[in-house]
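# An overview of the molecular structure
If you want the building blocks of each chain, they are given just below.
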Amino acid sequence: MLKDITLGQFFPGNSIVHRIDPRFKIIIAVIFIAMLFIGSSAVCLEVGAVFCFMSIILSQIPFKMILKSLKPVVMILLITSVLNLFLITGGEPLFEWKFIKITDTGVYTSVFMIIRIVLLIAGTSLLTYTTSPIALTDAIERLLSPLKKLKLPVHDLAMMMTIALRFVPTLIEETDKIMSAQKARGVDMDGGNIKDRIKSVVPVIIPLFISAVRRAGELATAMECRCYNGGEGRTKMRQLKCDWTDFTALCLSLLFMISVIYVNIAQ
């Protein structure tokens, strides 16, 4: 399961989505999220699904990689569907037994929420799949640059967010290694009751915490050795430049957004 978590990974490529300016990709990702949550009907969700699948095809990221990113949230999807299925009692009853009641509204809401979460994860995953950590840092810093007038450390905030996102795969890999090492020492992590499983997590959390602190110290030392002192006076080797492709992608996403708003109002 840990190997299925692909959050924060970058897959180099030369697709249209890879070449889009990272600033525009962040804005488009925000528009896509708003598109999914503004719409309250199946038609709005279909528009979001078309936009999502079109982006995946243009990015040339394999669908199996997108499906792999969905595996860690299967339990969340199941819990969400069950809660909506049994807690929503409005509409025509489809099944009723004692205090259990399933209605058509509950079924519709359950399916609607599952599809919305799947599209949300699949669509937003493309941001890290097609954008390098360095480009993502520069894009976040440029987008937050107006906050410099409020004396906020924009560069430091962007750097911290990117480092945190970048180290997710590293910590997942480290966790997998620690679990394999503990199993080799005879620790049973799969069997027993809930109490035993909670106890078996302790031999994993403590080494992982120590490893994370050690990696943070090594990173800080490496940055100091390279004379890193924050964003003051820094120059960039690669300057972000936008062209007609970026504006076309932005206009296309806004067109989808307007379609969702129109359908939502018309209904």
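Going by the structure above, here's the rest.
Below is a summary of the structure that appears in this document. All figures in this text were calculated on a predicted structure; none of them were measured in a lab.

Counting secondary structure elements, the protein contains ten helices and two strands. Secondary structure elements of the protein occur, N-terminal to C-terminal, as α-α-α-α-α-β-β-α-α-α-α-α. When the backbone C-alpha atoms are referred to their principal axes, the protein occupies close to 70 × 60 × 40 Å. By the burial criterion, 35% of the 267 residues in the protein qualify as buried. Taking all contacts inside the protein whose residues are at least 6 apart in sequence as the whole, residues at least 24 apart take part in 73%. Carbon and sulfur atoms form 68% of the exposed surface of the protein, whose accessible area is close to 16,600 Å². Charge separation in the protein, taken as the distance between the mean sites of 28 positive and 20 negative side-chain charges, equals 4 Å.

Bridge analysis of strand β1 (residues 93-97) against strand β2 (residues 100-103) gives four bridges, and the strand direction is antiparallel. Counterpart to Glu96 in the pairing with β2 is Lys101. The turn linking β1 back onto β2 is made up of two residues, and Lys98 within it adopts a positive phi angle of 55°.

The subject of this paragraph is the nonpolar core. In terms of nonpolar packing, the biggest core is built from 28 residues, with Met35, Ile66 and Leu119 touching the most fellow members. Going through the elements one at a time, α2 (22-38), α3 (42-59), α4 (63-70), α6 (104-129) and α10 (244-266) are the ones with two or more residues in this core. Tallying contributions element by element places α3 first for this core, with seven residues. For Met35, the contacting residues outside a window of four places in its chain are Gly48, Phe51, Ser253, Phe256, Met257 and Val260. By size, the runner-up hydrophobic cluster in this structure holds six residues, among which are Ile26, Leu127, Ala139 and Ala158.

Here the focus is the layout of surface pockets. Each pocket or cavity is described by its volume, and for the second largest pocket that value is around 430 Å³. Looking at the second largest pocket, it is lined by 22 residues, and the ones nearest its centre are Val17, Ile20, Ile28, Phe51 and Ser55. When contributions to the lining of the second largest pocket are tallied by element, the ones reaching two or more residues are α1 (16-19), α2, α3, α6 and α10. Residues of the lining of the second largest pocket, tallied by class, amount to 15 nonpolar, six polar and one charged.

With respect to the element layout, Ser211 can be found in helix α9 (residues 194-225). Assessed through its relative accessible area of 2%, Ser211 is described here as buried.

For the rest of this paragraph, the subject is the pattern of salt bridges. Taken as a whole, this structure holds two salt bridges when the rule is applied. In this structure, Arg23 and Asp21 form a salt bridge, with 2.9 Å as the shortest nitrogen-oxygen distance. Like Arg23, the residue Asp21 is buried in the burial classification. With its nearest N and O atoms 3.1 Å apart, the salt bridge here joins Arg215 to Glu174. Residue Arg215 is found in helix α9, and its partner Glu174 is found in helix α8 (residues 154-184); the two are separated by 41 residues along the sequence. Here Arg215 falls in the partly exposed class, since its relative accessible area comes to 27%. Residue Glu174 is classed as buried on the basis of its relative accessible area of 14%.

So, about unusual backbone geometry. Backbone geometry places Gln60, a non-glycine residue, at a positive phi of 65°. Mapped onto the secondary structure, Gln60 falls in the loop between α3 and α4.

Viewed as axis vectors pointing N to C, helix α5 (residues 74-87) and α6 meet at an angle of 155°, and their least axial separation amounts to 8 Å. The orientation of α5 relative to α6 falls into the category roughly antiparallel. Seen along the crossing, α5 lies across α6 with a hand that is right-handed. Where α5 approaches α6, its residues Leu77, Thr80, Ser81, Asn84 and Leu85 are matched on the opposing element by Gly106, Val107, Thr109, Ser110, Met113, Ile114, Ile117 and Val118. Partitioning the contact of α5 with α6 into residue classes produces seven nonpolar, six polar and no charged.

Attention now moves to α4. Taken residue by residue, α4 has Met65, Ile66, Ser69 and Leu70 as its buried positions. Mapping the buried residues of α4 onto a view down its axis gives an arc of 150°, with all of them on the same face. Exposed side chains of α4 directed beyond 90 degrees from the buried face belong to Lys64 and Leu67. Each element contacted by the buried residues of α4 is listed here: α3, α5 and α6.

Definitions and cut-offs
- All residue numbers refer to position in the chain's written sequence, counted from 1.
- For a predicted model such as this one, the threshold for reporting local features is a pLDDT of at least 70, and the threshold for listing and counting side-chain atom pairs is 80 or more; totals across whole chains, interfaces and linings nevertheless cover every residue.
- To get the side-chain values, take all heavy atoms of the structure and skip hydrogens and water.
- Counting from the N terminus, the helices are the DSSP runs of H or I reaching at least four residues and the strands are the DSSP runs of E reaching at least two.
- Exposure categories follow from relative accessible area, calculated using a 1.4 Å probe and restricted to protein chains: below 20% of the type maximum is buried, above 50% is exposed, and the middle band is partly exposed.
- Throughout, a contact is declared for two residues whenever any of their heavy atoms are within 4.5 Å.
- Note on areas: Shrake-Rupley, 1.4 Å probe, and residue coverage restricted to the protein chains presented here.
- None of His or the chain ends enter the tally, which takes Lys and Arg as positive and Asp and Glu as negative.
- Taken as the charge centre is NZ of Lys, CZ of Arg, CG of Asp or CD of Glu, depending on the residue.
- When DSSP finds two or more bridges between two strands, those strands count as paired.
- The nonpolar core is taken to be a set of buried Ala, Val, Leu, Ile, Met, Phe, Trp, Tyr and Cys residues, with the residues joined through side-chain atoms within 4.5 Å.
- Cavity: a set of points on a 1 Å grid over the protein atoms alone where a 1.4 Å probe fits but cannot get out. Pocket: an open set with protein on both sides within 12 Å along at least five of seven lines, its lining residues, like those of a cavity, having an atom within 4 Å of a point.
- Grid points are joined across faces, edges and corners, and a volume is the space filled by probe spheres set on the points.
- Each residue is assigned to one class: nonpolar for Ala, Val, Leu, Ile, Met, Phe, Trp, Tyr, Cys and Pro, charged for Asp, Glu, Lys and Arg, and polar for all the others, Gly among them.
- Salt bridge, as applied in this entry: a Lys or Arg side-chain nitrogen positioned within 4 Å of an Asp or Glu carboxyl oxygen.
- Helix axes use the C-alpha atoms of the stretch in contact, all axes being lines fitted to C-alpha atoms, and the angles between their N-to-C directions lie in the range 0 to 180 degrees.
- Oblique is the label for every angle not falling under 35 degrees (roughly parallel), over 145 degrees (roughly antiparallel), or within 65 to 115 degrees (roughly perpendicular).
- Two helices cross in a left-handed way if the nearer one is turned anticlockwise from the farther one by less than a right angle. They cross in a right-handed way if the turn is clockwise.
- Note that the arc is defined by the directions from the helix axis to the C-beta atoms.

None of this, on its own, says anything about what the molecule does.
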